[in-house]
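Coordinate inspection notes
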Amino acid sequence: MTILGHLEKHPGTNPASFTSKLAHFEPTIVQFDRTEFYPSGGGQPADKGILSGEKFRCRVIDVQKSGSVVSHHISEIEGEPSIGEMLSCEIDVEWRNQLSAMHTAQHIISALSHEEWGAETVGNQIGFDKTRIDLKFENRELFSSEHLEEIVNWTLRKNLDVKMDFRPSKDLLDDPLVRVNMARMPPNIGIWRTISIGDIDVCPCAGTHVQTTREIPDIEITRVKSKGAGRLRVEYILNECYKSFN
Ligand SMILES: [Zn+2]
């Protein structure tokens, strides 16, 4: 059931360390009974971090989710853990924060490209240093990267709240702020985790985000290149690293 009007803060920046019980261990993979590591998905890379136990320590270099199973791929392994042991888990905060800022900026760039030129986002790859978004236009000749950069940075400084909600598909189909084509989304999901940014965008998304747009430094569009008929690939960077106003 929908929880409209009950928007909450959601997991994003500054993830706390946690402990979790080891459920499965093989030379390069660890699984827990629960985890707060973000698995790779939706164009956003997985969290990284450190796991440690009584006689065990390793680095998490990738996290993949398959069904309900989350596998933490590990390296630099020292010692061996015991199944059932409580491990201390530390997510790389700098990595998570920067990707959350990059990812939230992507929502805004996609939304404003849709608003200004009717462009549809057909792909994206979030990165720590640079991010790319593939946009599909009716007429890509009208696109201006200078104008996009200007309206995105103006929007970022407006201190818009970024909030999470859970909404049913039919609700999203009727919402003009939903820019993604719901017909292309998996049909078997009835309730969507949605991210709304002020009054400019609503998007079904499982990624990590900042809490307010002012946490995102100005963006700079560094490259625009053709990706076939009507399509442009826009690459951007953040002018400085993530900063928190919390
Ligand atoms: Zn998102």
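Residues numbered from 1 in each chain as written. Predicted model: local features only at pLDDT ≥ 70, side-chain atom pairs only at ≥ 80, totals over all residues. Heavy atoms only, no water.

**What to know about the coordination of the zinc ion**
Bound to the zinc ion on the protein side are H103 (NE2), H107 (NE2), C205 (SG) and H209 (NE2), at distances that span 2.0 to 2.2 Å. Classification of the site at the zinc ion as tetrahedral follows from its four donor atoms and the range of 101 to 125 degrees in their angles at the metal. The sequence pattern describing where the donors of the zinc ion fall on their chain is H-x3-H-x97-C-x3-H. One end of the pair, H107, is in helix α1 (residues 93–117); the other, C205, is in the loop between β11 (201–204) and β12 (219–226), with 98 residues separating them in the sequence. An identical accessibility class is assigned to H107 and C205; each is buried. (Donors = N, O, S within 2.8 Å, 3.2 Å for Na, K, Ca; no water. Tetrahedral: all angles 85-135°; square planar, octahedral: opposite > 155°, others 65-115°. Helix = DSSP H or I, 4+ residues; strand = E, 2+ residues; numbered from the N terminus. Buried < 20%, exposed > 50% of the residue type's maximum accessible area, 1.4 Å probe, protein only.)

**A few points about the environment of P15**
Residue placement: P15 occurs in the segment before β1 (18–26). Judged by its relative accessible area of 15%, P15 is buried. Considering only alpha carbons, one finds P15 and D174, 159 residues apart in sequence, at a separation of 34 Å. If near-sequence neighbours (up to four positions away) are discounted, P15 is found in contact with I91, V93, R96 and N97. (Contact = heavy atoms within 4.5 Å.)

**What to know about the sheet that holds strand β8 (residues 131–136)**
One open sheet holds the four strands; their spatial order is β7-β8-β13-β12, and the pairing between them is antiparallel. Of all strands in the sheet, those bounded by a partner on one side alone are β7 (120–125) and β12. Neighbour-to-neighbour, the strand axes of the sheet open up by a mean angle of 25 degrees, direction not taken into account. Across the face of the sheet, α1 comes into contact with β7, β8, β12 and β13 (231–238) while running at roughly 140 degrees to β13. (Pairing = 2+ DSSP bridges. Axes fitted to C-alpha atoms, helices over the stretch in contact; angles between N-to-C directions.)

**A few points about the pairing of strand β10 (residues 191–197)**
Counting buried positions over the seven residues of β10 gives six, a clear majority of the element. Note that strand β9 (residues 162–168) and β10 share seven bridges and pair antiparallel. Bridge pairing in β10 links P168 to I191. Here four bridges tie β10 to β11, and the two strands are oriented antiparallel to one another. Paired with I197 across the bridge in β11 is D201. Following β10, the chain reverses through three residues before pairing antiparallel with β11; G198 in that reversal takes a positive phi of roughly 45 degrees.

**Comments concerning the sheet that holds β9**
On the basis of which strands lie adjacent, the open sheet formed by three strands has the order β9-β10-β11 and antiparallel pairing. Edge positions in the sheet fall to β9 and β11, since each of these pairs with one other strand and no more. The average angle at which neighbouring strand axes cross in this sheet is 30 degrees, direction not considered. Where α1 meets the sheet, it contacts β9, β10 and β11, and its direction lies at approximately 80 degrees from that of β10.

**Let's talk about the pattern of salt bridges**
This structure, assessed with the given rule, holds 10 salt bridges. Where R59 meets E76, a salt bridge forms, and the shortest distance between an N and an O atom there is 3.3 Å. In this pair, R59 is assigned in strand β4 (residues 56–66) and E76 in strand β5 (residues 69–79), connecting sequence segments 17 residues apart. Residue classification places R59 among the partly exposed positions, given a relative accessible area of 36%. Among the salt bridges present, the one from E115 reaches R179, with a minimum N-O distance of 2.6 Å. Within this pair, whereas E115 is found in helix α1, its partner R179 is found in the loop between α3 (169–173) and β10, the two being separated by 64 residues in sequence. Look at R179 and you get buried, because its relative accessible area is 15%. Each of E115, R179 and D201 takes part in a single network of salt bridges with overlapping partners. (Salt bridge = Lys/Arg side-chain N within 4 Å of Asp/Glu carboxyl O.)

None of the figures reported here should be taken as evidence of function without further support.
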